[in-house]
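# What the coordinates show
Listed below, chain by chain, are the residues.
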Amino acid sequence: MVTYFLLALRNLTRNMRRTVLTLIALVVAIGSLTFMLTLTEGYLGSMKDNFVLTNFGHIQINAPGFQEDGLIDNYMADTGPAVAAAQANPNVVASTQRVYVSGLANVATASAAITVIGVEPDRERAVTRMADFVTSGAWLEVGDNGGVVLGIDVAETLEAELGDKVVMTTQAPGGDFSSQVFRVRGVMESGTPEVDRLMAIVTLEAAQTWMELGEGATTVVLRVDNHENTDAVYERMLDQLDGQQFETQRWFDVDPFIQQFVESSDASIVFILAIVVVVVLGEIINTMFMSLYERTREFGLMEALGTGRRQLFAMLLWETTVLVSIGGALGYGGAAILTGIYGKRGIDLTAFTESLSSLYMDPIIHPVMDLKITIYILATIAITALLAGVLPAWRATKLNPVEAMRQI
Amino acid sequence: MESCSLTCKVGASSYKWSNHVVRVMNISRKSFIQMSMAVAMLGSVGVGPVLADEEADALIRSMEDRTRAETNTATYRMVVTRPGESDREVVMQSWDDRVSDRSFIHILSPRRDKDTTFLKVEGNLWMYLPNLERDIKIPPAMMLNSWMGSDFTNDDLVNQSSAVNDYENTIIAREMGADGIEIVTIQAIAHLDAAVVWGRVVAKIRMDGIPISQQFFDEDDVLIRTLIFSDIGDLGGRIAPSKMEMIPETEPGHKTVMYIDAMTFDEPIADEIFTRANLSRRAR
Amino acid sequence: MSGTLFAIAWRNVVRNKRRSLITILSVAIGLLALLFIWGFNDGSHNNMMANFRALMTGSFQVHQTDFFDHPKLETNISDQTVLLAAMESVGIDAWTTRLSSFALSAGEETSTGMILLGMDPIREPLVTTLNEKISVGRFLEPGDEYTAVIGAKGAAKLGLGLGDEIILLTQDRRGTLTADKFDIVGLIKSGDPIIDQAMVMVPLESAQELLVMEGRITDLVAQVPESELHKIAAELRMILEPEDLELLEWEEINPIIRQIVNLDNGFMYIFISIVVLIVISGVVNTVLVSMLQRTREFGVLMAMGTSTGAIGAVVLIEAIFLGLLGTAVGTAGGLGLVAWFGRTGIDLSAMMDPELVEIMGEFYLDTTIFAEIDTNHLLITVLGLLAATIVSAFYPALRAMQLEPVEAIRHI
């Protein structure tokens, strides 16, 4: 085995120029492929993060049926068990409560349909990024029960500026209309319509008082430490909470789009991988054939001296394998380094992505290395090596030693 | 609280209407549309602001007494003027029970809207259309700013806020009216935590409590609309204005005039008036 | 002189069939792969954009100015004479008019907000494919009064089905709340979530009556061939803008689709660069080898007086020939593949689970993609690869020029 390996090395170094050129092709191919995969992994991951952290959280707990109908009548009078269960779970990074109710916002000259969300200003920060979307003014302070943060489109429809008062009318459980006045503390812009066009954020306390919910809320939102743990946390919640009182849902139960987008992206990546392999194979096979013809005489000589066909085959196969492995490893390594560097900094694609934020895509992508990627690449290298090596190696064994030696 | 699938946002950006649509509006039990009622509360449009000044206070209260009662029934005629179109006239009858916060309106004309009825009871708003042969409940988000297409808003009509609580009033001017009765100008500044959209209201009231005019300013002190009272005469046994003209200052050519053709105060109103059954009964 | 160089170069190419073939294949395979991917890429993009336009939005729309940004019934087109005359003058036949507004749809127990569209039953099928997406029942027909076609999911949410009555509550042009009953004659399943869940289509005349908009419309929607869109739009804008009418092309109405396409194409260009690099290294390799193998030959030539420039030129020209041939083969093969899949189509549904098929529907993609390639994508790729081949030849050509005749001759 070692002999073949050393033999392969020597043969490869003997024709440095060709080896180097082929290596370049390999490094470029495998390297860029790997990097593309890490980029894709990065941006898909960030899509998930964006969706989950913009607004929804990983898991939500509501009163049964609330997710469907959104009626304030369907609120949880006692969220204690849910909150306790969430806090007890080691994978839950943070949790918070919310009150959702739909209503109308009025100013002197305009009105707008809104979704009022009562949040816990400090706890919300630990769960979602809503506070970070405030572009003018500020997020709510704990205890600021007269303040409201508006989605940017709502603010524009109302022509409301910081400090302006907005009278909001909703229907409390039981159906009574109720109006409250709030002052605009901030305006938020997330790039996603469900936030920007509809949201009016007030404090949880304000909403509870207004709707006469006491200590109740409509929703408990959980942030899990890792997307992978979402299912586990979900299962635990189902176990611990009474299904009659609490309905638990994961983010993709409610909106499966991103999950499916990610899965379909995975599928198309395999497609791309296949194509790149084909191209690379094309180049390598050609190169190997070139080498074959150059070394025809050498092979003929070897065979004449007693080298078996099988050994010749093995030798050539080893050469290709070593070549491809080195090239592949260098390519992978290079891409891994790039991933490391840009992983933190991120690559700014703002020029290309424009406003895809409504699809939860960030203009800045952070590549991420994953075990899955490593496996894909290793598989690709192995397949390439095998396919590229077999045909020329086989061809070599077909040579007639006598004729071969006559070649110049 | 349905989360709109991402791609519905792809489509949604084609439609600005989707503001309303993205938020699914579900209503419990029967689906009905509650509409802000209180034509009867039109009386409350004339409600003056709170008085920091005791005299101002007293004057406002006396105005309220004139125009409000525990119950009243009335016939109104509303004329809406819009540029480029002929005036539209709506005639309606209303029953208002202030004590129990219930009211009922029956539209009499024009023919298109004839026998449309509204009921506000227990904090819910119902509307009945004869061609529908059923009633619908109106949710807050459908309470778009104009009432029946006029220059009066739902806010005007629903808003139960008493002048005394929400504003701080001071007398800023006095002048002698043509008929020898003094006219007092009161400035009412909305309390910061009052659930009213206005910043300030400037009201002119006669010393005998009859309102003359009101000017509504937003918080940036821009004059948004003016309400003028006239045709002072006998109204159901009281002396009160029977014509109210609302002029939006920001929309040239727009105007709404409300005439009170008849009104009775404090006559008992049968309970069955304020029922959903009554919505369709009136239509027959 | 140059004629001879060409002849020599060509002869060299032909003489070494094996080497030439290998080089040509190097280029051809790369090009083929790229063209195939483009075919898939452009095919699915064009499919997506065409479906989007055909379903509902049209190639362009005309409204009263400001209607798109601030939709309200007051902003309507009351007199359509100028507009329709303009359509005729430009020769557009596939247009229809609509009335669009917002309504609360009520079923038995629940109600939900929907987009209300009054449509012309005769003209609408000339412009959009909505009438083909009916899953149950039928589309609107001339003579219909107060009928409705509603998205299947929306109907399900309201607990309504074919033949049921739906109540639409809305605000008429004057701001008065108004409502009426409509008979559901059809359910629609388009794949677009807004249409399927939040839209109700009624006859234009019924909508006009309900909303006090007799004789008025809010939108004109038209279809024209995509290649002529910009020209037609520019012409029309000149006529329409003075009349206070706005014309919006479909990309302005929904920019996201185009952005997705651009993003995808961006990735493609990166991809092309990678493939080009791979091909370059392959070509350099083979041309170099072929050159080195003829060291002795070059040595003799130089000894006989051929200038180094000429030697370099020969190598270069050879490479160019090989590049051209490779490009030709690759292009022919690539286009052939594209043409074949253009006719047959690539059926993806086999490898997808149903949820994914639904997602594709939401993105206006059919499950069978017909390959197509945009001309400029084709040109860029072919020329790019050709240029790459030529560039690869420079190094070997330079090396050839550096040969010392005496040493070269001695070379075996």
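Residues numbered from 1 in each chain as written. Chains lettered and ligands numbered in written order. Predicted model: local features only at pLDDT ≥ 70, side-chain atom pairs only at ≥ 80, totals over all residues. Heavy atoms only, no water.

### So, the overall build of chain B
Put simply, the rule is: Helix and strand assignments follow DSSP, with helices taken as H or I runs no shorter than four residues and strands as E runs no shorter than two, numbered in order from the N terminus. We call two residues contacting when some pair of their heavy atoms lies within 4.5 Å. Only the protein chains shown count as cover for residues, and the accessible areas themselves come from Shrake-Rupley with a 1.4 Å probe.
Broken down by element type, chain B carries seven helices and 13 strands. Of the contacts made within chain B by residues no fewer than 6 positions apart, 53% connect residues no fewer than 24 positions apart. With the model as given, the accessible surface of chain B reaches about 10700 Å², and the carbon-plus-sulfur share is 49%.

### A word on the confidence of the model for chain B
A low pLDDT means the predicted coordinates there should not be read in detail. Residues and elements named next belong to chain B. Threshold: Per residue, pLDDT captures the predictor's confidence, and it can take any value from 0 to 100.
Counting all residues, the mean pLDDT for chain B is 76, and 75% of those residues have values of 70 or more. For residues 1-51, every residue scores under 50 in pLDDT, and the model assigns this stretch 247 contacts once sequence neighbours within four places are set aside. Both confidence scores are given for the complex: pTM 0.78, ipTM 0.73.

### Quick word on the nonpolar core
A general tendency of soluble globular proteins is for nonpolar side chains to be buried together. Where we set the bar: Buried residues of nine kinds, namely Ala, Val, Leu, Ile, Met, Phe, Trp, Tyr and Cys, make up a nonpolar core once their side-chain atoms join them within 4.5 Å. Burial classes: relative accessible area under 20% of the type maximum marks a residue as buried, over 50% as exposed, and values in between as partly exposed (1.4 Å probe, protein chains only).
Ranked by size, the top nonpolar core spans 92 residues in total, and within it C:Phe60, C:Ile92, C:Met201 and C:Leu236 carry the most contacts. Counting residues per element, this core draws most heavily on helix 2 (residues 16-56) of chain A, at nine residues. When residues no more than four places from it in sequence are discounted, the contact partners of C:Met201 are C:Leu117, C:Met119, C:Leu130, C:Phe139, C:Leu140, C:Thr147, C:Ala148, C:Val149, C:Ile188 and C:Ile195. In terms of nonpolar packing, the next biggest core, distinct from the first, is built from 85 residues, A:Val276, C:Ile272, C:Phe298 and C:Ala393 among them.

### A word on the domain arrangement of chain A
All names here are of chain A. We count it as follows: Domain borders in the structure are assigned automatically or taken from a domain database. Reported buried area values correspond to the accessible surface (1.4 Å probe) lost by two parts on association, with both partners' losses combined. By definition, a salt bridge exists where a carboxyl oxygen of Asp or Glu is found within 4 Å of a side-chain nitrogen of Lys or Arg. Polar contact is the term for a pair of N or O atoms within 3.5 Å; when the atoms are in protein, one must be able to donate a hydrogen and the other to accept it, and sequence-neighboring residues count only if both atoms are side-chain atoms.
Once the domains are mapped, chain A shows domain 1 (2-52 + 258-406) and domain 2 (64-245). Distance from the C-alpha centre of domain 1 to the C-alpha centre of domain 2: 50 Å. Every contact between the two is made by eight residues of domain 1 and, on the other side, seven residues of domain 2. Regarding the contact of domain 1 and domain 2, the summed buried area is about 590 Å², with carbon and sulfur atoms giving 48% of it. Where domain 1 touches domain 2, the interface holds zero salt bridges. Viewed at the interface, domain 2 and domain 1 are joined by two residue pairs in polar contact (both at pLDDT 80 or more).

### Considering the pairing of strand 5 (residues 147-151) of chain C
Residues and elements named next belong to chain C. Put simply, the rule is: One bridge is not enough; two strands pair if DSSP finds at least two bridges between them.
Most of strand 5 sits out of view: five of its five residues are buried. When strand 5 meets strand 8 (residues 199-203), the two strands line up antiparallel, connected through two bridges. Looking at strand 8, one finds that Val 149 is bridged to Met 201.

### Looking at the interface of chain C and chain A
How we decide: Amino acid classes used here: Ala, Val, Leu, Ile, Met, Phe, Trp, Tyr, Cys and Pro are nonpolar; Asp, Glu, Lys and Arg are charged; the rest, including Gly, are polar.
Counting residues at the interface gives 36 residues for chain C, matched by 36 residues for chain A. In terms of surface lost to chain A, no three residues of chain C exceed C:Gln259, C:Ile278 and C:Asn285, which account for 17% of the buried area on that side. Joining chain C to chain A, the criterion identifies zero residue pairs in polar contact (both at pLDDT 80 or more). Secondary-structure elements contributing two or more residues to the side of chain C that touches chain A are helix 2 (17-57), helix 10 (255-293) and helix 13 (354-362) of chain C. Of the residues forming the side of chain C that touches chain A, the biggest block, 20 residues, is contributed by helix 10 of chain C. Of the residues contributing to the side of chain C that touches chain A, the split by class is 23 nonpolar, nine polar and four charged.

### Things to note about helix 10 of chain C
Test applied: Any helix carries an expected span of 1.5 Å times its number of residues minus one.
The first and last C-alpha atoms of helix 10 of chain C sit 57 Å apart over 39 residues, in line with the 57 Å expected at 1.5 Å per residue. The opening residue of helix 10 of chain C, the one whose side-chain oxygen lies 3.1 Å from the backbone nitrogen of C:Ile256, is C:Asn254.

### What to know about the pattern of salt bridges
Summed over all chains, the structure comprises 36 salt bridges over all chains. Note that C:Asp172 and B:Arg112 form a salt bridge whose closest N and O atoms lie 3.8 Å from each other. With C:Asp172 in the loop between strand 6 (165-171) and strand 7 (177-188) and B:Arg112 in the loop between strand 3 (102-109) and strand 4 (117-121), this pair bridges two chains. Given the relative accessible area of 4%, C:Asp172 is considered buried. B:Arg238 is paired through a salt bridge with B:Asp266; the nearest N and O atoms lie 3.8 Å apart. Highlighted residues: B:Arg238 in strand 12 (residues 238-248) and B:Asp266 in the loop between strand 13 (255-265) and helix 7 (276-281), separated in sequence by 28 residues. On the basis of relative accessible area, B:Asp266 is assigned to the partly exposed category, the value being 42%. The structure contains a network of salt bridges with shared partners spanning A:Arg14, A:Arg295, A:Glu298 and A:Glu319.

### Examining the pairing of strand 4 of chain B
Residues and elements named next belong to chain B. Most of strand 4 is tucked away, with five of its five residues classed as buried. Side chains of strand 4 alternate between two faces, with Thr 117, Leu 119 and Val 121 and Phe 118 and Lys 120 buried alike. With four bridges joining them, strand 3 and strand 4 adopt antiparallel strand pairing. In the sheet register, His 106 faces strand 4, and the bridge partner there is Thr 117.

### A few points about the packing of helix 11 (residues 257-294) of chain A against helix 10 of chain C
So the rule is basically this: Axes here mean lines fitted to C-alpha atoms, for a helix over just the part in contact, with angles spanning 0 to 180 degrees between N-to-C directions. The labels follow the angle: roughly parallel below 35 degrees, roughly antiparallel above 145, roughly perpendicular from 65 to 115, and oblique for the rest.
Where helix 11 of chain A meets helix 10 of chain C, the axes come as close as 10 Å, and the angle between the chain directions of the two elements is 5°. Considering the angle they form, helix 11 of chain A stands roughly parallel to helix 10 of chain C. Of the residues in helix 10 of chain C, those touching helix 11 of chain A at A:Ile272, A:Ile275, A:Val276, A:Val279, A:Val280, A:Glu283, A:Thr287, A:Met290 and A:Glu294 are C:Phe271, C:Val275, C:Ile278, C:Val279, C:Gly282, C:Asn285, C:Thr286, C:Val289, C:Ser290 and C:Gln293. Of the residues contributing to the contact of helix 11 of chain A with helix 10 of chain C, the split by class is eleven nonpolar, six polar and two charged.

### What to know about the packing of aromatic side chains
Basically, it comes down to this: We call Phe, Tyr and Trp rings a pair once their centres come within 6.5 Å, taking the six-membered ring for Trp, and we label the pair stacked below 30 degrees between planes, edge-to-face above 60, and tilted otherwise. Criterion for a charge above a ring: Arg CZ or Lys NZ at most 6 Å from the ring centre, at most 35 degrees from the ring normal.
Scanning the entire structure with this criterion turns up 14 aromatic pairs over all chains. Taken together, a centroid distance of 5.3 Å and an interplanar angle of 50° make the contact between A:Phe182 and A:Trp210 tilted. Of the two residues, A:Phe182 sits in strand 7 (residues 177-188) while A:Trp210 sits in helix 8 (residues 204-211), which places them 28 residues apart along the sequence. Summarising the burial analysis for this pair, A:Phe182 and A:Trp210 share the class buried. Plain terms: the ring middles of A:Trp251 and A:Phe252 are 5.2 Å apart, the flat faces sit at 80° to each other, and that makes the pair edge-to-face. Owing to a relative accessible area of 18%, A:Phe252 belongs among the buried residues under this scheme. Among the aromatic residues, those joined into a cluster by ring pairs are A:Phe51, A:Phe56, A:Trp251 and A:Phe252. Over the face of the ring belonging to A:Tyr234 we find A:Arg250, whose NZ or CZ atom lies 4.1 Å from the ring centre. When the ring centre of B:Phe265 is taken as origin, the NZ or CZ atom of B:Arg238, which lies over that ring, is 3.9 Å away.

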